[in-house]
Amino acid sequence: GEQDGAVGRVRFPRTSRRLPQCLIIGVRKCGTRALLEMLFLHPRVQKAAGEVHFFDRDDNYSRGLEWYRKKMPHSFPHQVTIEKSPSYFVTPEVPERVRAMNASVKLLLIVREPVTRAISDYTQLRSHAATASPSPSPASGSASGSGQQGPQRSFEELAIKPDGTVNVAYRPLSTSLYHSFLHRWLDVFSRDQLLVVNGDLLIEDPVPELRRIEQFLGLEPRIGRHNFYFNHTKGFFCLRNDTADKCLRETKGRRHPRVDPAVITKLRKFFSEHNQRFYDLVGQDLGWPE
Ligand code: A3P
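First, a word on scope: everything that follows refers to the structure included in this document.

**What about the pattern of salt bridges?**
All told, the structure shown has 19 salt bridges when counted by the stated rule. R153 serves as the salt-bridge partner of E157, at 4.0 Å between the closest nitrogen and oxygen. For E157, a relative accessible area of 44% gives the class partly exposed. When the shortest N-O distance is used, the salt bridge between D245 and R240 registers 3.1 Å. Exposure remark for D245: the relative accessible area of 44% places this residue in the partly exposed category. Through salt bridges with shared partners, a single network forms among R33, E37, K47 and K246.

This is the structure:
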């Protein structure tokens, strides 16, 4: 048994901290938090608090699986423990490390239309830059990768080079090249261990996407219409269960800046070939506009 379960808190017998049987591996800004919170509405789902970043950070990974297990919530044997760290998807070492933990783990990959995702990523980076210290932090990566210095630059400036071509080195754009990261995962895991979740559908109408996931995880269908209500002020669905109503934080569902339609068109055209490669890899057409 567990030692820490005895400290102060009431804990059911038969529960223990278990390594996750399912991971939400990314993609950042595609609704990873919404997905985890929505799945947590299911009585057979437990979730890790926060993002553990076990597989993508060497300092955490070197602490070993027992360290990771102790970050997990208590669960009953019939429950599924889920952890989400969106940077798992883009970090090259991660698939092999995940396999070393559990070769039959289930993987959820949530994606959005790539240009929308890039603008969402830009919006988040800009809001962080606005609140951060004036000197750019060295941890934020190469100038071309994260590029928020001095006065705020527009998305158009960062996404399109002076010669009019797409700046693929700009991180919000390169992260949207889903196929370039996914192939590594499919080298290590079989296709049926991965479910691709449509993040745009999860925003519009979460229940059908969640039904697919329940099936994928071997859970009886329990999340339904009664678990959601549309919040017109927020512009998104909020979550409801027996005990509480809850919307995601204000950092989820930010207002995006207006982007020049000519730039959107150029980027959509640029991504169309990449999207096709992603569809081919997953055997599924997400129907993103060209
Ligand atoms: P925006 O803030 O750009 O709209 P992540 O959790 O991976 O960072 O993803 C954040 C995105 O989740 C938000 O991006 C938002 O569009 C999306 N999302 C999906 N369902 C949501 C919900 N019910 N409430 C708020 N945001 C939601």
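**Points about the environment of K29**
Following the sequence through the fold, K29 ends up in the loop between β2 (22–26) and α1 (32–39). Placed 194 residues apart in sequence, K29 and I223 show a C-alpha to C-alpha distance of 23 Å. Excluding its chain neighbours within four sequence positions, the residues that come into contact with K29 are R112, R117, S120, D121, Q124, T251, K252 and R254. There is a polar contact of 2.9 Å between the side chain of K29 and the side chain of Q124.

**Some details on the state of the cysteines**
This model, assessed by the stated rule, comprises 1 disulfide. Here C22 is not cross-linked by a disulfide; its sulfur's nearest cysteine counterpart is in C30, at 16 Å. Taking relative accessible area as the criterion, C30 reaches 2% and is therefore assigned buried.

**Topic: the packing of aromatic side chains**
This model, assessed by the stated rule, comprises 17 aromatic pairs. Through a chain of ring-to-ring contacts, the aromatic side chains of F54, F55, Y61, W67, Y68 and Y88 assemble into a single cluster. Above the plane of the ring of F40 lies K47, whose end atom (NZ or CZ) is 4.7 Å from the centre. The ring centre of Y61 lies 4.2 Å from the NZ or CZ of R97, which sits over that ring.

**Describing the sheet that holds strand β9 (residues 236–240)**
Strands sit in the order β8-β9-β10 across an open sheet of 3 strands; the sheet is antiparallel. Where the open sheet ends on each side, the last strands, each with one partner, are β8 (228–231) and β10 (245–246). Sheet topology note: the β8/β9 ladder contains 4 bridges and is antiparallel. Residue F228 lies in a different strand from β9, and its bridge partner there is L239.

**Notes on the site of the ligand**
The environment of the ligand is formed by 18 residues, the closest being T32, S120, G253, R254 and H256. T32 places a polar side-chain atom, nitrogen or oxygen, 2.6 Å from an oxygen atom of the ligand. Between an oxygen atom of the ligand and a side-chain N or O atom of K252, the distance comes to 2.9 Å. Against a free-state accessible area of 570 Å², the protein chains account for coverage of 97% of the ligand. Listing elements by their share of the shell around the ligand, those giving two or more residues are α1 and β9. The dominant element in the shell around the ligand, judged by the number of residues it contributes, is α1, at 4 residues.

**Considerations on helix α4 (residues 94–101)**
Taken residue by residue, α4 has V94, P95, R97, V98 and M101 as its buried positions. Mapping the buried residues of α4 onto a view down its axis gives an arc of 165°, with all of them on the same face. Residues of α4 that are buried in the fold lie against β2, α2 (58–61), α3 (65–70), β6 (106–111) and α9 (178–188).

**A word on the nonpolar core**
L35, L108, W185 and F278 are the most contacted members of the largest nonpolar core, which totals 58 residues. If we ignore the near neighbours within four places in the chain, the residues touching F278 are L109, V111, Y178, H179, L182, V196, L286 and W288.

**Remarks on the sheet that holds β2**
By way of backbone hydrogen bonds, the strands of a sheet pair with one another, either parallel or antiparallel. Pairing is parallel in the open sheet, where 5 strands are placed in the order β3-β5-β2-β6-β7. The open sheet terminates on both sides in strands that have one partner only, identified here as β3 (45–47) and β7 (194–198). Here the strands of the sheet are splayed against their neighbours by 25° on average, with no regard to which way each runs. Summarising the sheet, β2 and β6 pair through 4 bridges and their orientation is parallel. Counted as the bridge partner of L23 is L107 from β6.

Conventions adopted
Residues numbered from 1 in each chain as written. Predicted model: local features only at pLDDT ≥ 70, side-chain atom pairs only at ≥ 80, totals over all residues. Heavy atoms only, no water. Salt bridge = Lys/Arg side-chain N within 4 Å of Asp/Glu carboxyl O. Buried < 20%, exposed > 50% of the residue type's maximum accessible area, 1.4 Å probe, protein only. Helix = DSSP H or I, 4+ residues; strand = E, 2+ residues; numbered from the N terminus. Contact = heavy atoms within 4.5 Å. Polar contact = N/O pair within 3.5 Å; in protein donor to acceptor, adjacent residues only side chain to side chain. Disulfide = S-S within 2.5 Å. Phe/Tyr/Trp six-rings, centres within 6.5 Å; stacked < 30°, edge-to-face > 60°. Lys NZ or Arg CZ within 6 Å of the ring centre and 35° of its normal. Pairing = 2+ DSSP bridges. Near = heavy atom within 4 Å. Areas by Shrake-Rupley, 256 points an atom, 1.4 Å probe, with all protein chains shown as cover. Arc of directions from axis to C-beta. Core = buried A, V, L, I, M, F, W, Y, C linked by side-chain atoms within 4.5 Å. Axes fitted to C-alpha atoms, helices over the stretch in contact; angles between N-to-C directions.

Just distances and angles here, no functional claims.
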